[in-house]
Amino acid sequence: DLLHVVPMLQSLKSQRPDAHVDWLMGPWGKVIGERFPLLASPVYYAPTWRMFARTSRKVCRSFREELAFLKHLGQRGYTTVLATAPVNLADLLCLRATRAPKWVGMTRGPALYYDFSEGETLGFDTSRYEAESVEKLLGLLAMQPGQAVLRFPVDEEEDQSATALLEQVGIQ
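Since the model is a prediction, treat every value here as computed from it, not as a measurement.

Asks: Even after reading the chapter, I still don't get the overall build of the protein, so can you show me in this structure?
Replies: Of regular secondary structure, the protein possesses 6 helices and 5 strands. For the protein, the sequential pattern of α-helices and β-strands runs α-β-α-β-α-β-α-β-β-α-α. The proportion of buried residues among the 172 residues of the protein is 37%. A sequence separation of at least 24 residues applies to 40% of the contacts in the protein between residues at least 6 apart. With the model as given, the accessible surface of the protein reaches about 10,600 Å², and the carbon-plus-sulfur share is 53%.

Asks: Looking at this model, I keep getting lost on the side chain of Lys 13. Mind explaining?
Replies: Within the secondary structure layout, Lys 13 lies in helix α1 (residues 6-15). Within the buried set, Lys 13 has no salt-bridge partner at all; the shortest N-O distance to an opposite charge, 7.1 Å, is to Asp 18. Apart from the residues within four sequence positions on either side, Lys 13 is in contact with Ala 19, Val 21, Leu 38 and Leu 39.

Asks: Hey, could you run me through the environment of Ser 62 in this one?
Replies: One can find Ser 62 in the loop between β2 (41-44) and α3 (63-75). Sequence separation between Ser 62 and Pro 47 is 15 residues, and the spatial gap between their C-alpha atoms is 8.6 Å.

Asks: Teacher, can you tell me more about the environment of Gly 33 here?
Replies: When you line up the elements, Gly 33 lands in helix α2 (residues 30-35). The residues touching Gly 33, leaving out its near neighbours within four places in the chain, are Trp 23, Met 25, Pro 42 and Tyr 44.

Asks: For this particular structure, what's the right way to read the pairing of strand β1 (residues 22-25)?
Replies: Where a strand is regular, its side chains alternate between the two sheet faces. Direction of pairing for β1 relative to β2: parallel, over a ladder of 4 bridges. Within β2, the residue paired with Met 25 across the bridge is Tyr 44.

Asks: What is the right way to read the packing of aromatic side chains from this model?
Replies: By convention here, two paired aromatic rings are described through the distance between centres and the angle between planes. The final tally for this structure, using the stated rule, is 1 aromatic pair. With a centroid separation of 4.7 Å and 15° between ring planes, the pair formed by Tyr 45 and Phe 69 is classed as stacked. Taken together, the residues Tyr 45 in the loop between β2 and α3 and Phe 69 in helix α3 connect sequence positions 24 residues apart. Using a relative accessible area of 6% as the deciding quantity, one classes Tyr 45 as buried.

Asks: Hey, could you run me through the packing of α3 against helix α4 (residues 89-98) in this one?
Replies: When two helices pack together, their arrangement is captured by the angle between the axes and the distance separating the axes. Packing of α3 against α4 brings their axes to within 7 Å, and their N-to-C directions diverge by 45°. Judged by the inter-axis angle, α3 sits oblique to α4. Residues Phe 69, Leu 70, Leu 73 and Gly 74 of α3 lie in contact with α4, whose contacting residues are Leu 93, Cys 94, Ala 97 and Thr 98. Looking at the contact of α3 with α4 residue by residue, the class counts come to 6 nonpolar, 2 polar and no charged.

Asks: Looking at this structure, how should I read the layout of surface pockets?
Replies: Unoccupied space between atoms shows up once a probe the size of one water molecule is rolled over them. By volume, the largest pocket is sized at about 1,400 Å³. Around the largest pocket, the lining comprises 45 residues; the ones closest to its centre are Trp 23, Leu 24, Leu 82, Ala 83 and Thr 84. Those elements giving two or more residues to the lining of the largest pocket turn out to be α1, β1, β3 (80-83) and α4. If one sorts the elements of the lining of the largest pocket by residue count, α4 sits on top with 5 residues. Here the lining of the largest pocket is built from residues that sort into 30 nonpolar, 8 polar and 7 charged.

Asks: How should I be thinking about the sheet that holds strand β4 (residues 102-107) in this particular structure?
Replies: Hydrogen bonds between backbone atoms are what pair the strands of a sheet, whose relative direction is either parallel or antiparallel. Spatial strand order, β3-β4-β5: 3 strands in an open sheet with parallel pairing. Because the sheet does not close on itself, it has two edges, and the strands there are β3 and β5 (118-123). Going from strand to strand, the sheet's axes swing by 15° on average, the running direction of each strand aside. Strand direction decides the pairing type here: β4 and β5, joined by 6 bridges, are parallel.

What counts, and where the lines are drawn
Residues numbered from 1 in each chain as written. Predicted model: local features only at pLDDT ≥ 70, side-chain atom pairs only at ≥ 80, totals over all residues. Heavy atoms only, no water. Helix = DSSP H or I, 4+ residues; strand = E, 2+ residues; numbered from the N terminus. Buried < 20%, exposed > 50% of the residue type's maximum accessible area, 1.4 Å probe, protein only. Contact = heavy atoms within 4.5 Å. Areas by Shrake-Rupley, 256 points an atom, 1.4 Å probe, with all protein chains shown as cover. Lys, Arg positive; Asp, Glu negative; His and termini not counted. Salt bridge = Lys/Arg side-chain N within 4 Å of Asp/Glu carboxyl O. Pairing = 2+ DSSP bridges. Phe/Tyr/Trp six-rings, centres within 6.5 Å; stacked < 30°, edge-to-face > 60°. Axes fitted to C-alpha atoms, helices over the stretch in contact; angles between N-to-C directions. Parallel < 35°, antiparallel > 145°, perpendicular 65-115°, else oblique. Nonpolar A, V, L, I, M, F, W, Y, C, P; charged D, E, K, R; others polar. 1 Å grid on protein atoms, 1.4 Å probe; cavity = no way out; pocket = protein on both sides within 12 Å on 5 of 7 lines; lining within 4 Å. Points joined across faces, edges and corners; volume = space filled by probe spheres on them.

And the structure:
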């Protein structure tokens, strides 16, 4: 899912090069966050709940650390939040913690943020390529959506390793 956000971040940064962008992701997305440092500053977040412990409970914060992280989000002074996926409870806590005056997002259900923020949503269209749907969020911020082309930079060693792995399973 993180790769589907990259084209939108590229479009955003090309239209607003001075914008500071934090990209909230789980620690399991670290490889992707590190590949695109000029687009956004990765902020790694693993809620304390078991459902989000994809790798190990060790990556999750304690309850006290969770509260400190949410407080830190509130102190960062965000002006706008983009939510690129339907919202779960952990996302909602983070969005509310930012207290951003504006947010835009993809959602399937009713918005839960209007009590403190001006919000706009696009319906989550399951018949569209996800990167195209995410790209359209820029229209809600008076920007032009770009082309939703997924690219992931790899070095020569990674390319050779992936090629060998594909050949082992009969894909050329």
